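Breakdown of the fold
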Amino acid sequence: MRKMRLHSKNIFLIIVLPFMLFSCASRKKIVYLQDIESAQSYQSPTTYEPTLQPDDLLSIIISAENPEVTVPFNLPQIQGNYEINNNQNGIKTYLIDSEGVIEFPVLGKIKLGGLTRSEANKKLTMLVSEYVKNPGINLRILNYKISVLGEVSKPGSYTIPSERITVLEALGLAGDLSVYGKRNNILVIHEEDGKRTFNRIDITNAAFLNSPSYYLSQNDIVVVEPNKTKINASVIGPNTSVILTGLTVLITLLIFFK
């Protein structure tokens with residue numbers, strides 16, 4: 001009888017212990033924006049706007065009270081149309097070259113690289129005003145995109161029509177982090193003027209809302225690295241849980257029929 005109780009205790013430990021080992025998780029490693037209630041208020045930088053960079057593809061449309069005077073500035077696309085969100089635009093587009101310059105009708109070469117969109121609008125307005133009275137400038141970045149890689153549900157590149165996106169929104173587009181994603185050491189790769197910068201952010205800490213990487217720039221890359229659980233599991237193999245279950249059943253049967 002005593003031997004039977006001992007067998008029962010062994011069986012219980014064999015079955016329960018693996019689940020206890022794999023089910024332990026820390027709230028500090030999982031929950032986003034912890035202690036946000038007790039933190040200082042966070043002000044959204046409403047003036048945030050992207051800075052134009054080389055390889056940005058621009059749509060620039062000039063408007064005026066008399067549309068006829070804007071025709072020389074609004075040339076049609078000669079060879080094909082640039083497609084965005086399944087819509088085709090018949091207006092000519094402008095690619096910023098490696099020196100930050102575009103070739104614009106009538107005005108010639110204009111350096112827009114390094115300017116914010118509002119600064120570029122002001123510059124174009126000043127230049128076009130020499131030919132058109134009270135011109136309106138509609139400038140958009142057509143290939144504004146970000147990439148999210150690593151431990152997320154849907155890694156990939158995403159086009160952002162609004163030209164403004166936060167890290168949290170980018171992670172949302174990618175289906176959020178998997179349970180194996182490391183939340184306190186997310187890497188943001190940014191390139192500007194030919195230089196790459198790297199910034200690590202911790203989205204479990206509410207102070208991240210004031211991080212310079214809270215808003216992403218065009219072509220930024222967000223990389224979510226795996227946590228220790230995923231790394232350890234990759235050493236053993238993806239079927240670790242199946243193997244453990246099989247071993248548990250086998251050991252249980254050996255003890256029971258011993």
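Below is a summary of the structure that appears in this document. (Residues numbered from 1 in each chain as written. Predicted model: local features only at pLDDT ≥ 70, side-chain atom pairs only at ≥ 80, totals over all residues. Heavy atoms only, no water.)

1. Things to note about the sheet that holds strand 11 (residues 186-192)
In any sheet, the strands associate via hydrogen bonds between backbone groups, in a parallel or an antiparallel arrangement. Pairing within the open sheet is mixed, and its five strands lie in the order 9-8-14-11-12. In the strand order of this sheet, the two ends are held by strand 9 (156-159) and strand 12 (195-201), each with one partner. For this sheet the average axis-to-axis angle between neighbouring strands, irrespective of direction, equals 20°. With seven bridges joining them, strand 11 and strand 12 adopt antiparallel strand pairing. Following the sheet pairing, V188 is matched in strand 12 by N199. (Pairing = 2+ DSSP bridges. Helix = DSSP H or I, 4+ residues; strand = E, 2+ residues; numbered from the N terminus. Axes fitted to C-alpha atoms, helices over the stretch in contact; angles between N-to-C directions.)

2. Describing the layout of surface pockets
Reported here for the second largest pocket is a volume of approximately 300 Å³. Lining the second largest pocket are 20 residues, and of these Q53, P54, E192, D193 and G194 lie nearest its centre. Of all the elements, strand 11 adds the most residues to the lining of the second largest pocket, at four residues. Split by residue class, the lining of the second largest pocket holds four nonpolar, nine polar and seven charged. (1 Å grid on protein atoms, 1.4 Å probe; cavity = no way out; pocket = protein on both sides within 12 Å on 5 of 7 lines; lining within 4 Å. Points joined across faces, edges and corners; volume = space filled by probe spheres on them. Nonpolar A, V, L, I, M, F, W, Y, C, P; charged D, E, K, R; others polar.)

3. Digging into the pairing of strand 1 (residues 57-63)
Burial within strand 1 is extensive, with five of its seven residues counted as buried. Pairing geometry for strand 1 and strand 4 (residues 93-95), over three bridges, is antiparallel. Bridge pairing in strand 4 places L57 opposite L95. Where strand 1 meets strand 7 (residues 136-141), six bridges bridge the pair, whose relative direction is antiparallel. Paired with S63 across the bridge in strand 7 is G136. (Buried < 20%, exposed > 50% of the residue type's maximum accessible area, 1.4 Å probe, protein only.)

4. Remarks on the nonpolar core
Counting residues in hydrophobic clusters, the biggest one holds 42 residues, and the most contacted among them are I60, F104 and L171. The contact partners of F104, leaving out residues within four places of it in the chain, are I60, I62, F73, Y94 and I110. (Core = buried A, V, L, I, M, F, W, Y, C linked by side-chain atoms within 4.5 Å. Contact = heavy atoms within 4.5 Å.)

5. Considering the side chain of E163
You can see E163 is positioned in the loop between strand 9 and strand 10 (165-166). Here I141 takes part through its backbone nitrogen, which lies 2.8 Å from a polar atom of the side chain of E163. Setting aside residues up to four positions removed in sequence, E163 forms contacts with Y48, P50, R117, R140, I141 and Y144. (Polar contact = N/O pair within 3.5 Å; in protein donor to acceptor, adjacent residues only side chain to side chain.)

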